[in-house]
Amino acid sequence: MADRVLVTGGAGYIGAHACKALARAGFEPVAFDNLSTGWAEAVRFGPLAQGDLTDRASIDAALAEWNPVAVMHFAALSLVGESMKDPGKYWRTNVNGSLNLIEATVAAGIRNFVFSSTCATYGDQDGVVLNEATPQYPINAYGGSKLAIEGILRDFGAAFGLNHVIFRYFNVAGADPEGEVGEQHVPETHLIPIMLEAIEGKRPALTVFGDDYPTRDGTCVRDYVHVSDLVDAHVLGLKWLLDGKGTRAFNLGTGNGFTVREVIDASRAVTNAEVPLVRGARRAGDAVALVSGSERAISELGWEPKRSSLPQMIGDAWRWSKGGAIFGEAGARTCRARGEC
Ligand code: UDP
């Protein structure tokens, strides 16, 4: 029987891609999700264990039923802008939920834990390339809550031998090249899907959040990484733990920073269309530049990003967006039920 992995947030964007990569690598992914922002239709590569991280009993029940060898923890609130408007929601949901999960994992005797952290834990560091040794000073509640969870893992590692791999993501983009899963948020807040929706006429325009930053064209710099490459690293991180190599943190980015305007320019070549644009104010909580030093993942894990060029990421996202998204009808129903569309 295949080794099982409990994947929290397995119905969400990155979690669903991770389930596919795990299944392909010979594991059985069990998606643990409350379906608050994820889609049941995205759970296609293993069973769904519906539950909520704020409900410890539902975590205990899933761990007892499925008996996984490891936990991969994606489920979280993850929007920088929202985290600045409602910080309490971020601290409560992300930190309390993760603490429940980590305690339940240890209580179930599982000692392998893969955690989705973020470059937002580094904060704004004046354009320096950020590597794993860079001190972390988050400037928004999202990054703050993720850094707190890194601290919980450190302490549970020391006290109970919980081995953990922490991945600090830069900006995740693109979609499964085979079109089985992709990005679908309600409401959407991320640059690339919004830009594509504006091109398709699904929204009037893309608002550029600030064009007076100290960068080459005044817009923020980010390091974009393809979701398929990102989840490949997770499979390598899981194997790292199962091989007994122990606790380690890895950045996941490409080391190439692009401004918002450069992303927009790259989309023209892919879609052959203009992006309708509106100039907007800076978004609270945004760092000027976030660029990864990812040598460690490449040299230690053997990670090889294959699809993380801008045209490839935008192209895969474009095919997914134009395809209407597989969660279309169900997604639309959920969206209407929530009063969001
Ligand atoms: N951005 C923008 N307009 C949008 C959404 C995002 O100008 O409608 C900018 C945002 O300010 C940031 C970059 O695009 O500089 C990436 O933002 P996103 O929300 O995709 O990811 P984040 O960096 O917050 O994780």
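Above this text is the structure in question.
As a starting point, this report considers the structure included with it.

Considerations on unusual backbone geometry
- With an omega of -5 degrees, the peptide bond running from Val 186 to Pro 187 counts as cis.
- Mapped onto the secondary structure, Pro 187 falls in the loop between β7 (171-173) and α6 (191-199).
- With a phi angle near 60 degrees, Leu 35 is a residue other than glycine that sits in the positive phi range.
- Summarising the element assignment, Leu 35 is placed in the loop between β2 (28-33) and β3 (48-50).
- Not every positive phi belongs to a glycine, and Asn 67 is a case in point at roughly 50 degrees.
- Its location among the elements puts Asn 67 in the loop between α2 (56-66) and β4 (70-73).

Some remarks on the site of the ligand
- Surveying the vicinity of the ligand reveals 16 residues, the closest of which are Leu 191, Thr 207, Phe 209, Arg 283 and Asp 286.
- A distance of 2.9 Å separates an oxygen atom of the ligand from a polar atom in the backbone of Phe 209.
- Protein contacts shield 90% of the accessible area of the ligand, which totals 520 Å² for the unbound molecule.
- Residue assignment for the shell around the ligand shows that the elements contributing at least two residues are α6 and β8 (206-209).
- When residues in the shell around the ligand are grouped by element, the largest group, four residues, is from β8.
- Of the residues contributing to the shell around the ligand, the split by class is nine nonpolar, four polar and three charged.

Considerations on the pairing of β4
- Burial along β4 is two-sided: Ala 70 and Met 72 and Val 71 and His 73, pointing in opposite directions, are all buried.
- Both strand β1 (residues 4-8) and β4 contribute to a ladder of four bridges, which runs parallel. The residue bridging Leu 6 from the neighbouring strand is Val 71, located in β4.
- Where β4 lies against strand β5 (residues 112-118), three bridges are found, and the strand directions are parallel. By the bridge assignment for β5, Met 72 is matched with Val 114.

A closer look at the pattern of salt bridges
- In total, this model carries 22 salt bridges according to the counting rule given.
- In this structure, Arg 279 and Asp 211 form a salt bridge, with 2.7 Å as the shortest nitrogen-oxygen distance. Note that Arg 279 is positioned in strand β13 (residues 277-280) and Asp 211 in the loop between β8 and β9 (221-222), a separation of 68 residues in sequence.
- On the basis of relative accessible area, Arg 279 is assigned to the exposed category, the value being 66%.
- Arg 307 is paired through a salt bridge with Asp 316; the nearest N and O atoms lie 3.0 Å apart.

Concerning the pairing of β5
- Taken across its seven residues, β5 has seven buried, putting it largely inside the fold.
- Burial along β5 is two-sided: the face carrying Asn 112, Val 114, Ser 116 and Thr 118 and the face carrying Phe 113, Phe 115 and Ser 117 are both buried.
- Where β5 lies against strand β6 (residues 163-169), seven bridges are found, and the strand directions are parallel. Residue pairing for β6: Thr 118 is matched across the bridge by Tyr 169.

A few points about the environment of Ser 292
- Along the chain, the position of Ser 292 falls in the loop between β14 (289-290) and α9 (295-301).
- Sequence-distant contacts of Ser 292, defined by excluding residues within four places in its chain, comprise Val 129, Leu 130, Phe 170, Asp 223, Asn 251, Leu 252, Gly 253 and Gly 255.
- Polar side-chain contacts of Ser 292 include one of 2.5 Å to the side chain of Ser 294.

What to know about the packing of helix α4 (residues 87-107) against helix α5 (residues 141-160)
- α5 packs onto α4 with a crossing angle of 20 degrees between their chain directions and a minimal axis gap of 9 Å. Regarding the angle of α4 to α5, the classification is roughly parallel. By crossing handedness, the relation of α4 to α5 is classed as right-handed. Residues Pro 87, Tyr 90, Trp 91, Asn 94, Val 95, Ser 98, Leu 99, Ile 102, Glu 103 and Val 106 of α4 touch α5, and the partners they reach there are Ala 141, Tyr 142, Gly 144, Ser 145, Ala 148, Ile 149, Ile 152, Leu 153, Phe 156 and Phe 160.

Brief notes about the sheet that holds β14
- Strand order in this open sheet of three strands is β12-β9-β14, and the pairing throughout is mixed. With one partner strand each, in any of the chains shown, β12 (258-259) and β14 form the two edges of the open sheet.
- Of the strand pairs in this sheet, β9 and β14 are connected by two bridges, and their pairing is parallel. In the sheet register, Val 221 faces β14, and the bridge partner there is Ala 289.

Cut-offs and rules
- By convention here, each chain's residues receive numbers from 1 onward along its written sequence.
- A pLDDT threshold of at least 70 governs which residues receive local features in this predicted model, and a stricter bar of 80 or more applies before side-chain atom pairs are shown or counted, although totals over entire chains, interfaces and linings include all residues.
- The side-chain values count all of the structure's non-hydrogen atoms but skip hydrogen atoms and water molecules.
- Strands here mean DSSP runs of E at least two residues long; helices mean DSSP runs of H or I at least four residues long; both are numbered from the N terminus.
- Each residue is tested against the molecule or strand, and it is near if at least one of its non-hydrogen atoms lies within 4 Å.
- Pairs of N or O atoms are called polar contacts if they sit within 3.5 Å, as long as, within protein, a hydrogen donor faces a hydrogen acceptor (for residues adjacent in sequence, only side-chain-to-side-chain pairs).
- The Shrake-Rupley method, run with a 1.4 Å probe sphere, supplies the accessible areas, and residue values consider only the shown protein chains as cover.
- Gly is placed with the polar residues, together with every amino acid not listed as nonpolar (Ala, Val, Leu, Ile, Met, Phe, Trp, Tyr, Cys and Pro) or charged (Asp, Glu, Lys and Arg).
- Accessibility here uses a 1.4 Å probe with only protein chains present; expressed as a share of the type maximum, an area under 20% marks a residue as buried, one over 50% as exposed, and anything in between as partly exposed.
- Pairs of strands are assigned from DSSP output, requiring at least two bridges between the strands.
- Salt bridges are identified by distance alone: a Lys or Arg side-chain nitrogen within 4 Å of an Asp or Glu carboxyl oxygen.
- The contact rule is simple, with two residues in contact once any of their heavy atoms fall within 4.5 Å.
- Interaxial angle, 0 to 180 degrees, is taken between N-to-C directions of lines fitted to C-alpha atoms, where a helix line uses only the stretch in contact.
- Here roughly perpendicular refers to angles of 65 to 115 degrees, roughly parallel to angles under 35, roughly antiparallel to angles over 145, and oblique to all remaining angles.
- Take the far helix as your reference; a near helix turned counterclockwise from it by less than a right angle gives a left-handed crossing, and one turned clockwise gives a right-handed crossing.

Any functional reading would require information beyond the geometric quantities listed.
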